[in-house]
Amino acid sequence: VSYVYEHGLMTGTSGTAFAPDANLTRAMMATVLWAMEGSPVVNYAMTYTDVSGGAWYAEAVRWAASEGIVTGVSESEFAPNANITREQMAAILYRYAGYKDYDTGASGSLSAFADASSVSAYAQEAMAWAVGESLINGVSADTIQPQGNATRAQVAKVLMLFCEGVAA
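Residues numbered from 1 in each chain as written. Predicted model: local features only at pLDDT ≥ 70, side-chain atom pairs only at ≥ 80, totals over all residues. Heavy atoms only, no water.

Caption draft 1: Seen up close, the pattern of salt bridges. In this structure the tally under the stated criterion is 2 salt bridges. Where Lys 100 meets Glu 37, a salt bridge forms, and the shortest distance between an N and an O atom there is 3.0 Å. With Lys 100 in the loop between helix H4 (86-99) and helix H5 (124-132) and Glu 37 in the loop between helix H2 (26-36) and helix H3 (58-66), this pair connects stretches of sequence that are 63 residues apart. Assessed through its relative accessible area of 29%, Lys 100 is described here as partly exposed. Glu 37 sits in the partly exposed class, given a relative accessible area of 23%. (Salt bridge = Lys/Arg side-chain N within 4 Å of Asp/Glu carboxyl O. Helix = DSSP H or I, 4+ residues; strand = E, 2+ residues; numbered from the N terminus. Buried < 20%, exposed > 50% of the residue type's maximum accessible area, 1.4 Å probe, protein only.)

Dropping the structure here:
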């Protein structure tokens, strides 16, 4: 938590709280990556009907969608306030690493996790990459919980490992 706060990647939920056990939303994840890129402004006609132009996260989602880093939960919905799952986090970071031309060749085995079969097809490669890069570990000795929500503390740790490993 200290790392992401000190490096300006994430802020608190108030002036005195970080809320490490709270879930991170899809909008928050897009905003973190957008901030890492210097908050670029893009001219991209976004088709997500649930992202209003005046929302605090609108430009972040517009940028991330225009670069193929995020996708919607459907053709017309992004679900900005939905909690981000661990596999969605992995997929978004994997796409971001590709956008940055970082090495995305690592591949860890998901077979060690009893719940590996619950990793969605779209997230298989990204989850294997995240495990291979040691960004995501099991929630327990034998579960990875791909459908589980990612907490702010979990995302903070993954971002620190990403910045110090993949992006270094």
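Past the structure itself, the notes keep going.
Caption draft 2: Inspection of the side chain of Thr 151 at higher detail. Position of Thr 151 among the secondary structure elements: in the loop between H5 and helix H6 (152-166). Residue class for Thr 151 comes out buried when judged on its relative accessible area of 16%. Beyond its immediate sequence surroundings of up to four residues, Thr 151 is in contact with Pro 20, Asp 21, Ala 22, Asn 23 and Leu 24. (Contact = heavy atoms within 4.5 Å.)

Caption draft 3: Spatial organisation of H4. In this model H4 runs 20 Å from its N-terminal to its C-terminal C-alpha over 14 residues, within 8% of the 20 Å that 1.5 Å per residue would give. Taken across its 14 residues, H4 has 11 buried, putting it largely inside the fold. Those residues of H4 lying buried are Arg 86, Glu 87, Gln 88, Met 89, Ala 90, Ala 91, Ile 92, Leu 93, Tyr 94, Tyr 96 and Ala 97. As for H4, its buried residues are in contact with H2, H3, H5 and H6. Following H4 by one or two positions, Asp 101 has its phi on the positive side, about 60°. (Expected span 1.5 Å × (residues − 1).)

Caption draft 4: Structural view of the packing of H2 against H3. Remark: H2 packs on H3, axes separated minimally by 8 Å, with the N-to-C direction vectors making an angle of 75°. Overall, the two elements H2 and H3 adopt an arrangement that is roughly perpendicular. Facing Ala 30, Thr 31, Leu 33 and Trp 34 of H2, the residues of H3 in contact are Glu 59, Ala 60, Val 61, Trp 63 and Ala 64. Among the residues making up the contact of H2 with H3, the classes are represented as 7 nonpolar, 1 polar and 1 charged. (Axes fitted to C-alpha atoms, helices over the stretch in contact; angles between N-to-C directions. Parallel < 35°, antiparallel > 145°, perpendicular 65-115°, else oblique. Nonpolar A, V, L, I, M, F, W, Y, C, P; charged D, E, K, R; others polar.)

Caption draft 5: View of the nonpolar core. The biggest cluster of nonpolar side chains holds 57 residues, and the ones touching the most others in it are Met 10, Met 29, Met 89, Leu 93 and Trp 129. For this core, the leading source of residues is H4, giving 8 residues. Other than its neighbours up to four places away in sequence, Met 10 contacts Val 4, Tyr 5, Phe 18, Leu 24, Val 32, Arg 152, Val 155, Ala 156 and Leu 159. (Core = buried A, V, L, I, M, F, W, Y, C linked by side-chain atoms within 4.5 Å.)

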